[in-house]
Amino acid sequence: QRLGVGLAHSKLILIGEHSVVYQKPAIALPFEAVFSEVKVAPSTGAVTLASHFYNGKLAQLPDKLQGLRHVIERACQINNQPVKDFTLTLTSTIPIGRGLGSSASIAASLARGIFDYFKADLSLPVLRELVDLSETYAHGTPSGIDREAVISDEPIWFIKDQAVEPIEVKEPLNIIVADTGRIGDTHAAVSAVNARRQSEPDTTNQLLEDLEKLTEDARTMLKTGDLKALGHVLTASHDKLKALGVSDEGLDRYVDISLSNGAVGAKLTGGGRGGCMFALTASTEQALAVEQALLEAGAKETWYIQLTNGVKTD
Ligand code: PMV
């Protein structure tokens, strides 16, 4: 029986979220601990989608999931195939709305699964177009960093509409990611920053420039392997994001707990106001101690990743 399979990991923004919307650089890492997978199988009649958030006909997808329908229909159109006679089964371990790029990852795995089913090559420009269709629907005007990070197997340096390039990571990064369990609203957080830019242009633009400078510093420190300095830069960027108004008490508390348990740096990741944060530690032992402390503080889920030159070793 003909089957198609598509996979895509999630992503972790190391530094530069929000300022990336204003053409400042950002650094993102592939986050393979959670991922989405789509299986495509033949059937007769209307296309159906089975997933943990929706089960039924494609034509009846709720409004907020219409982006997925656009991806599926466009993928069929590019392949000159009718939108019928197959079923999609989606499994994703990426928690939704936590800044880990679940919507972009799901769109990428859908596109890969459908192209695999039609035995067609999926070029990078087409994959980008398909993920953008869904991201634009979900987020309005996304910077594109989620799209690039979920389709890259290496850490990337990203500037909206200008640059996507792999970056060098000299020393292994020991990172604990913690989920507050609260769904963030990236759209609302991005709008709030924009509103702040109108009402308080000077201080807001200064914060965005500070984030740009910290992101540039982070790139240098990744290259030289100065993890202690990198940790300080990450924590400093959390403070700037907090000043921008995109953190919240829960995220701030997890950052404090990480630092008091030996992390070299900690910050929120993604849209903020809920969602996830992460801590950078100097060793595996320290990572496990921070993980324990975050779980005791009520983290819904935690993940440990060790990243070496873009190749995940654990
Ligand atoms: O919350 P997420 O995973 O969608 O990350 C959004 C990153 C932002 O910089 C806040 C928005 C964007 O479009 O880049």
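Every residue gets a number counted from 1 within its own chain, in the order that chain's sequence is written. Totals for whole chains, interfaces and linings use all residues, but because this is a predicted model, local features are given only for residues with pLDDT of at least 70 and pairs of side-chain atoms are given and counted only at 80 or more. Side-chain descriptors were evaluated using all non-hydrogen atoms of the structure, hydrogens and water having been removed beforehand.

**Some points on the layout of surface pockets**
Note the threshold: In this analysis a 1.4 Å probe is tested at points of a 1 Å grid over the protein atoms alone, and where it fits but cannot get out there is a cavity; an open set with protein on both sides within 12 Å along at least five of seven lines is a pocket; lining residues have an atom within 4 Å of a point. Grid points are joined across faces, edges and corners, and a volume is the space filled by probe spheres set on the points. Where helices and strands are cited, they refer to DSSP runs of H or I of at least four residues and of E of at least two residues respectively, numbered from the N terminus. Only Asp, Glu, Lys and Arg are considered charged in this grouping, and only Ala, Val, Leu, Ile, Met, Phe, Trp, Tyr, Cys and Pro are considered nonpolar; every other residue, Gly among them, is considered polar.
What the largest pocket holds in volume is close to 1,000 Å³. Lining the largest pocket are 43 residues, and of these Gly-97, Ser-103, Ala-138, His-139 and Thr-186 lie nearest its centre. Residue assignment for the lining of the largest pocket shows that the elements contributing at least two residues are strand S1 (4-15), helix H1 (66-78), helix H2 (102-117), helix H3 (124-139), helix H4 (145-151) and helix H5 (186-199). When the residues that make up the lining of the largest pocket are grouped by side-chain class, the tally is 16 nonpolar, 20 polar and seven charged.

**Observations concerning the site of the ligand**
Stated precisely, the cut-off is as follows: Consider each residue's heavy atoms; a residue with any of them within 4 Å of a molecule or strand counts as near. Pairing of N or O atoms within 3.5 Å defines a polar contact, subject to two protein rules: one partner must be a possible hydrogen donor and the other a possible acceptor, and residues neighboring in sequence count only if both atoms are side-chain atoms. We get accessible surface area from the Shrake-Rupley algorithm with a probe of 1.4 Å; when it comes to residues, only the shown protein chains can shield them. Cavity and pocket membership follows a simple rule, namely that a molecule belongs there if more than half of its atoms are within 2 Å of the grid points. Either an automatic procedure or a domain database provided the assignment from which the domain bounds are taken.
Taken together, 18 residues surround the ligand, and among them Lys-11, His-18, Ser-143, Thr-186 and Gly-271 come closest. Within the backbone of His-18, an N or O atom sits 2.9 Å from an oxygen atom of the ligand. Protein contact buries 94% of the 380 Å² of open area that the ligand shows by itself. Given that more than half its atoms are within 2 Å of the pocket grid, the ligand belongs to the largest pocket. Broken down by secondary-structure element, the contributors of at least two residues to the shell around the ligand are S1, H4 and H5. When grouped by side-chain class, the residues that make up the shell around the ligand number seven nonpolar, eight polar and three charged. Here the shell around the ligand spans two domains, and each of domain 1 (4-163) and domain 2 (168-313) adds at least three residues to it.

**With respect to unusual backbone geometry**
Backbone geometry at His-18 places phi at a positive 70°, although glycine is not the residue there. With respect to the helices, strands and loops of the structure, His-18 is situated in the loop between S1 and strand S2 (26-42).

**Concerning the environment of Lys-242**
Put simply, the rule reads: Exposure categories follow from relative accessible area, calculated using a 1.4 Å probe and restricted to protein chains: below 20% of the type maximum is buried, above 50% is exposed, and the middle band is partly exposed. Any two residues whose heavy atoms approach within 4.5 Å are treated as being in contact.
Relative to the helices and strands, Lys-242 resides in helix H7 (residues 227-244). We classify Lys-242 as partly exposed; its relative accessible area is 44%. Separated by 26 residues in sequence, Lys-242 and Leu-268 have C-alpha atoms that sit 9.1 Å apart. Setting aside its immediate chain neighbours within four residues, Lys-242 contacts Ser-247 and Asp-252.

**A word on the domain arrangement of the protein chain**
Put simply, the rule reads: As used here, buried area is the combined drop in accessible area, with a 1.4 Å probe, of two parts when they are placed together.
Taken domain by domain, the protein chain holds domain 1 (4-163) and domain 2 (168-313). For domain 1 versus domain 2, the distance between C-alpha centres works out to 24 Å. Taken residue by residue, the interface counts 33 residues in domain 1 and 45 residues in domain 2. Interface area lost by domain 1 to domain 2 is led by His-18, Tyr-22 and Arg-98, which between them contribute 23%.

**Some thoughts on empty space enclosed by the protein**
What the rule picks out here adds up to one cavity of 30 Å³ or more. When residues of the lining of the largest cavity are assigned to domains, at least three map to each of domain 1 (4-163) and domain 2 (168-313).

**Some remarks on the nonpolar core**
Threshold: Among buried residues, the Ala, Val, Leu, Ile, Met, Phe, Trp, Tyr and Cys ones that are joined through side-chain atoms within 4.5 Å form a nonpolar core.
By size, the foremost hydrophobic cluster in this structure holds 36 residues, and its most contacted members are Ile-145, Leu-244, Tyr-254, Met-277 and Leu-294. Residue-level mapping places this core at the junction of two domains, with at least three residues from each of domain 1 (4-163) and domain 2 (168-313). Setting aside residues up to four positions removed in sequence, Tyr-254 forms contacts with Ala-178, Asp-179, Thr-180, Met-277, Leu-294, Ala-297, Gly-298 and Ala-299.

**Describing H3**
To keep it simple, the criterion reads: Given a helix with a known number of residues, its expected span is that number minus one, times 1.5 Å.
With 16 residues, H3 ought to run about 22 Å at 1.5 Å a step, and its terminal C-alpha atoms sit 21 Å apart, in line with that. Residues Val-126, Leu-127, Leu-130, Val-131, Ser-134 and Glu-135 constitute the buried set of H3. Taken together, the buried residues of H3 touch H1, H2 and H4. Phi turns positive one or two residues past the end of H3, at Gly-140, with a value near 85°.

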